[in-house]
2 protein chains.
Amino acid sequence: MSSEELLMIPGPVPLHPRVLKAMSRPMINHRSPEFAKILDKCVSVLKDAFQTKNDVLVLSGSGTAGMEAAISNVVKGDNVVTIVNGKFGERFKEIVALYGNPIPVEYEWGSPIELNDVEDALEKGVSAITMVHNETSVGMLNPAKEVGALARKYDALFIMDGISSIGGVDVPVDKWGVDIAIIGSQKCLAAPPGLAAIAVSERAWERMKAKSPYYLDLKAYRKYAAKEPAQTPYTPAVPLFFGLHEALRMVKEEGIHERIERHRKCAEAVRKAMDAMDLQLFPRLNDISRYSNTVSAMVMPDGIDDKQLRGGMKKRGVLIAGGQAHLKDKIFRIGHMGNVSAKEILTTLEALESTLSELGVKAEGGVVAAKEAFG
Amino acid sequence: MSSEELLMIPGPVPLHPRVLKAMSRPMINHRSPEFAKILDKCVSVLKDAFQTKNDVLVLSGSGTAGMEAAISNVVKGDNVVTIVNGKFGERFKEIVALYGNPIPVEYEWGSPIELNDVEDALEKGVSAITMVHNETSVGMLNPAKEVGALARKYDALFIMDGISSIGGVDVPVDKWGVDIAIIGSQKCLAAPPGLAAIAVSERAWERMKAKSPYYLDLKAYRKYAAKEPAQTPYTPAVPLFFGLHEALRMVKEEGIHERIERHRKCAEAVRKAMDAMDLQLFPRLNDISRYSNTVSAMVMPDGIDDKQLRGGMKKRGVLIAGGQAHLKDKIFRIGHMGNVSAKEILTTLEALESTLSELGVKAEGGVVAAKEAFG
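Please read these numbers as outputs of a predicted model, since none were measured by experiment.

Parameters and conventions
Residue numbers restart at each chain and count upward from 1, following the sequence in its written direction. Naming scheme: in the order in which they are written, chains are lettered from A and ligands are numbered from 1. The predicted origin of the model limits local features to residues at a pLDDT of at least 70 and limits the giving and counting of side-chain atom pairs to 80 or more, whereas totals for whole chains, interfaces and linings rest on all residues. Note on conventions: DSSP H or I runs of at least 4 residues are helices, E runs of at least 2 residues are strands, and numbering of each starts at the N terminus. A radius of gyration in this sense is built from C-alpha atoms; the matching globule rule multiplies 2.2 Å by the number of residues raised to 0.38. To sort residues by burial, count the other C-beta atoms lying within 10 Å of each one's C-beta; a count of 20 or more means buried, 12 or fewer means exposed, and anything in between means partly exposed. C-beta atoms are built from the backbone. Once C-beta atoms have been placed from the backbone, residue pairs whose C-beta atoms lie within 7 Å are recorded as contacts. For the purposes of this description, domain bounds are those given by an automatic or database domain assignment. Throughout this entry, Asp, Glu, Lys and Arg are counted as charged residues, while Ala, Val, Leu, Ile, Met, Phe, Trp, Tyr, Cys and Pro are counted as nonpolar. The remaining residues, Gly among them, count as polar. The rule for pairing is simple: two strands pair if DSSP sees at least two bridges between them. To obtain each axis, a line is fitted to C-alpha atoms, and for helices this fit is confined to the stretch in contact; angles are then taken between N-to-C directions over 0 to 180 degrees. Note on terminology: angles under 35 degrees are roughly parallel, angles over 145 are roughly antiparallel, angles of 65 to 115 are roughly perpendicular, and the others are oblique. Each crossing gets its hand from how the near helix is turned against the far one by less than a right angle, where anticlockwise is left-handed and clockwise is right-handed. Residues reaching a pLDDT of at least 70 in both copies supply the C-alpha atoms on which the copies are superposed by least squares. For a helix, the expected span equals 1.5 Å multiplied by the residue count minus one. By definition, a nonpolar core groups buried Ala, Val, Leu, Ile, Met, Phe, Trp, Tyr and Cys residues that connect through C-beta atoms lying within 7 Å of each other. The definition of a right-handed crossover adopted here requires that, viewed with the strands pointing away, the path from the first strand over the helix to the second runs clockwise.

1. Digging into the overall build of chain A
Line of reasoning, step 1. What chain A contains, in helices and strands, is 14 helices and 14 strands.
Line of reasoning, step 2. Taken against the 2.2 N^0.38 rule, which gives 21 Å for 375 residues, the C-alpha radius of gyration of chain A at 20 Å falls within 12% of a compact globule.
Line of reasoning, step 3. Counting every position in chain A, which comprises 375 residues, the buried fraction comes to 58%.
Line of reasoning, step 4. Sequence-distant contacts in chain A: of pairs separated by 6 or more residues, those separated by 24 or more amount to 72%.

2. Description of the domain arrangement of chain A
Residue and element names in this part refer to chain A.
Line of reasoning, step 1. Considered domain by domain, chain A is made up of domain 1 (2-11 + 255-374) and domain 2 (17-253).
Line of reasoning, step 2. Computed from C-alpha coordinates alone, the two centres of domain 1 and domain 2 are separated by 27 Å.
Line of reasoning, step 3. Counting residues per element, the ones that place at least two in the side of domain 1 that touches domain 2 are helix H11 (256-276) and strand E11 (295-299).
Line of reasoning, step 4. If one sorts the elements of the side of domain 1 that touches domain 2 by residue count, H11 sits on top with four residues.
Line of reasoning, step 5. Looking at side-chain class alone, the side of domain 1 that touches domain 2 contains twelve nonpolar, nine polar and three charged residues.

3. Looking at the sheet that holds strand E8 (residues 157-161) of chain A
All names here are of chain A.
Line of reasoning, step 1. Taken in spatial order, the seven strands make up an open sheet running E2-E10-E9-E8-E5-E3-E4, and their pairing is mixed. Lying at the two open borders of the sheet, with one neighbouring strand each, are strand E2 (55-60) and strand E4 (101-106). In this sheet, neighbouring strand axes are inclined to one another by 20° on average, regardless of whether the strands run parallel or antiparallel.
Line of reasoning, step 2. Examined bridge by bridge, strand E5 (residues 128-132) and E8 share five bridges and lie parallel to one another. In the strand pairing of E8, Ala128 is matched with Leu157.
Line of reasoning, step 3. Here helix H6 (residues 144-153) sits on the sheet and contacts E5 and E8; the angle it forms with E8, its principal contact strand, is near 155°.

4. Some details on the pairing of strand E2 (residues 55-60) of chain B
Residue and element names in this part refer to chain B.
Line of reasoning, step 1. In terms of burial, E2 is a largely internal element, five of the six residues being buried.
Line of reasoning, step 2. Bridge count for E2 against strand E10 (residues 195-200) is six bridges, and the pairing is antiparallel. Across the sheet, Val56 pairs through a bridge with Ala199, a residue of E10.

5. Some remarks on the interface of chain A and chain B
Line of reasoning, step 1. Contact with chain A, which involves 47 residues of that partner, is made by 47 residues of chain B.
Line of reasoning, step 2. Those elements that place two or more of their residues in the side of chain A that touches chain B are helix H1 (17-23), helix H3 (63-74), helix H4 (87-99) and helix H10 (238-254) of chain A.
Line of reasoning, step 3. Of the residues belonging to the side of chain A that touches chain B, the class tally is 26 nonpolar, 15 polar and six charged.

6. Digging into the environment of Ala49(B)
Residues and elements named next belong to chain B.
Line of reasoning, step 1. Its location among the elements puts Ala49 in helix H2 (residues 33-50).
Line of reasoning, step 2. In this structure, the C-alpha to C-alpha distance between Ala49 and Val173, residues 124 residues apart in sequence, is 9.2 Å.
Line of reasoning, step 3. In this view, Ala49 contacts Ile166, Gly167, Ile183, Leu189, Val251 and Ile256; residues no more than four positions away in its chain are not counted.

7. Digging into the packing of helix H13 (residues 342-358) of chain A against helix H14 (residues 366-374) of chain A
All names here are of chain A.
Line of reasoning, step 1. Axis separation between H13 and H14 bottoms out at 9 Å; the angle between their running directions is 165°. One finds that H13 runs roughly antiparallel with respect to H14. Seen along the crossing, H13 lies across H14 with a hand that is right-handed. Side by side, H13 and H14 meet where Ala342, Ile345, Leu346, Leu349, Glu350, Leu352 and Glu353 of the first sit next to Gly366, Val367, Ala370, Lys371 and Phe374 of the second.
Line of reasoning, step 2. Classifying every residue of the contact of H13 with H14 by side-chain character gives eight nonpolar, one polar and three charged.

8. Comments concerning the relation of the copies chain A and chain B
Line of reasoning, step 1. Screw-axis analysis of chain A against chain B gives a translation of 0.0 Å along the axis, an RMSD of 0.0 Å, and a rotation angle of 180°. Given the turn and translation reported, the copies of this chain are related as if by a two-fold rotation axis.

9. Describing the sheet that holds strand E13 (residues 321-322) of chain B
Residues and elements named next belong to chain B.
Line of reasoning, step 1. Here three strands make up an open sheet; going across it, the order is E11-E14-E13 and the pairing antiparallel. A strand with exactly one partner marks an edge of an open sheet, and here the two such strands are strand E11 (295-299) and E13.
Line of reasoning, step 2. Here E13 pairs with strand E14 (residues 331-335) via two bridges, running antiparallel. Following the sheet pairing, Gly322 is matched in E14 by Phe332.

10. Describing helix H11 (residues 256-276) of chain B
Residues and elements named next belong to chain B.
Line of reasoning, step 1. For H11, spanning 21 residues, the distance from its first C-alpha to its last is 30 Å, which sits close to the expected 30 Å at 1.5 Å a residue.
Line of reasoning, step 2. For H11, the full list of buried residues reads Arg259, Ile260, His263, Cys266, Ala267, Ala269, Val270, Arg271, Ala273 and Met274.
Line of reasoning, step 3. In this structure, the buried residues of H11 make contact with helix H10 (238-254), E11, E14, helix H13 (342-358) and helix H14 (366-374).
Line of reasoning, step 4. Positive phi appears at Asp278, one or two residues downstream of H11, with a value of about 60°.

11. Things to note about the nonpolar core
The nonpolar side chains of a soluble globular protein tend to be buried, and buried together.
Line of reasoning, step 1. Of all hydrophobic cores here, the largest spans 267 residues; its most connected members are Ile129(A), Ile198(A), Val81(B), Ile129(B) and Ile198(B).
Line of reasoning, step 2. Residues in contact with Ile129(A), not counting those within four places in the same chain, are Val80(A), Val81(A), Leu122(A), Val147(A), Ala151(A), Ala156(A), Phe158(A) and Ile159(A).

12. Describing the pairing of strand E3 (residues 79-84) of chain A
Residues and elements named next belong to chain A.
Line of reasoning, step 1. The buried count for E3 comes to five of six residues, which makes it a mostly enclosed element.
Line of reasoning, step 2. As paired elements, E3 and E4 share six bridges and run parallel to each other. Its bridge partner lying in E4, Val81 is registered against Ile103.
Line of reasoning, step 3. Since E3 and E4 lie parallel, the crossover through H4 that links them has a hand, and here it is right-handed.
Line of reasoning, step 4. As defined by bridge partners, E3 adjoins E5 across three bridges and the pair is classed as parallel. Pairing of Val81 across the sheet is with Ile129, part of E5.

13. Quick notes on unusual backbone geometry
Line of reasoning, step 1. Here Glu228(A) and Pro229(A) are connected by a cis peptide whose omega angle stands at 0°.
Line of reasoning, step 2. Omega for the bond connecting Gly11(B) with Pro12(B) falls within 30 degrees of zero, at -5°, which places this linkage in the cis form.
Line of reasoning, step 3. Along the chain, Pro12(B) falls in the loop between strand E1 (6-7) and helix H1 (17-23).
Line of reasoning, step 4. If you check the backbone angles, Asp155(B) has positive phi at about 55° while not being a glycine.
Line of reasoning, step 5. One can find Asp155(B) in the loop between helix H6 (144-153) and strand E8 (157-161).
Line of reasoning, step 6. Its 11 C-beta neighbours within 10 Å are what place Asp155(B) among the exposed residues.
Line of reasoning, step 7. Positive phi is not limited to glycine here, since Ala325(B) has a value of about 50°.
Line of reasoning, step 8. Structurally, the position occupied by Ala325(B) is in the loop between E13 and E14.

If you want it as structure tokens, here you go:
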């Protein structure tokens, strides 16, 4: 039974019973003051998570819908620098190609971004630059602050996928000059999957194109958000808003900075455990601050494959993620975002030690190391 | 409290406790056999509702996302006949204008469609024709079978919004030759809002364009549905699938034809009640079969406005809908779709009689007439 399984994938994450209960509230009219109150409260806490004074809009769609809304509203035949060092960077590039001309700055998945390359690309004359902040596919954090500064220098809009970072990692959107930032509901916020929140700067509003896909038209979302009562242009996924609302109450109760610190601690414990177990983090980075605090990727130990490893974990009641595309069988990933705490990390590490042992891989001391890290 | 209010708007509709409970299930991996099973079962019952052997895909988005997916995958600069006699016909035209050239066949909202006009427009040489089957904004059913035949005659794709008809009205998609049909989850199926189901004919697949919005790319949805295990290209709104799955189990338990008959009976009772109360249906149609069986629109009685009428109803615990755009204050609407039965209809009519009496409008006998209709 899935309900007894521990979901340690990089989203969707396990939902708190309060959030699950919220989703079973009876349906309400989506154009009522009652729904407006929920929408307004969600936006208010989301602004804290984004650390922004910009407009925040919530779309009924996945993070990918949010990425496409970001691109399609400001790009029309324009040159756009697209930074790629993982699967979601690729996705941004594919979306940009639908609406404009990507100027790719590409690396092997998991290789660090060189700011010189970014600057060279910006010099070609572009209207925007896209970057995935937390590259979920490789467990890596890209240099948002630095790229934000370059975007400003070259007067390009900075469009950043913060889907799996914001809410679990410190992301001061306004300070870093992110013009359009995106959160996915099912990641660090521990809300149900199916909603995307987007923060849009004044600078981005000024550069909006006349046309975008109808369903993703940010101008329409802004117009309806300003109505009395506040609403969305098309019927929203009401139960998901109930869930998001409750999840954000929990974010507020915890405090956004405390939440970020909890994510940092969990990630640190995982990395120390991997070190103790002689499992190699993927990629190998000199700068530890570039490792993701919301998902860790590890090189698959020699002689075993994805099916064996994840099958063994599943048998022990823990679901983890494999590598995507060409990284399948090459890496495995542990998601540690949302409501994650020492308990889930230790359970996961116990299952990992036991699975590897069964598969004949000597890898011990992870649980002990993590316990020490948690103190 | 909303949970004690009776929602009689044309979607979202009240959800059965079984459906509410289903949405509070713990989260699962959306790329697991477990999710595939839910997706497959949903598709199987949806095919019964569509009465189709065509592919059925489910998008995490509103009915409008479904409409845009339908258009954007097959229209690229093409001429498209767009039939408009209400708000959602307008929406189809607006979406077509984003991807091609609308050849509008337009009427006053609530005026019947003349097939001669449709044929004249088709003769101009078009690749597709759009029509809203059940025009929710005016409580009217448009001639799908006849327009389907004309579409075939002129070799145009027939794209039909069945958002608020399918599941509550007899819509044999294959028999009528509907190439792309759309259902909204929150209407007749009594599932949560936020999902759109789309049935796509072989003829439509053959005419797909290379590019569409990324999030609405039907080819990607088909590709991922064929994977083992079946999945969606982007993270689906998992709790809504839990809800849809349970709602569709209830549809199957009832039987699709029994469900349609129940909707017919409820609509008939409402119309007989309006007649007894001397309230005029909007629009006035000669052919009774053109009235919607899922939503009824009535002319606002002289001397009272939307706020008074709907405010009085709300005070009595019943939420109904007003007119949209220029029909605000001109009409009011009662949604009777989903799990609706005699009980909800009678409660609504009682509240309506009482509200109108308080507002000084003589309108009695509705409850009695409806009771007779229910037998």
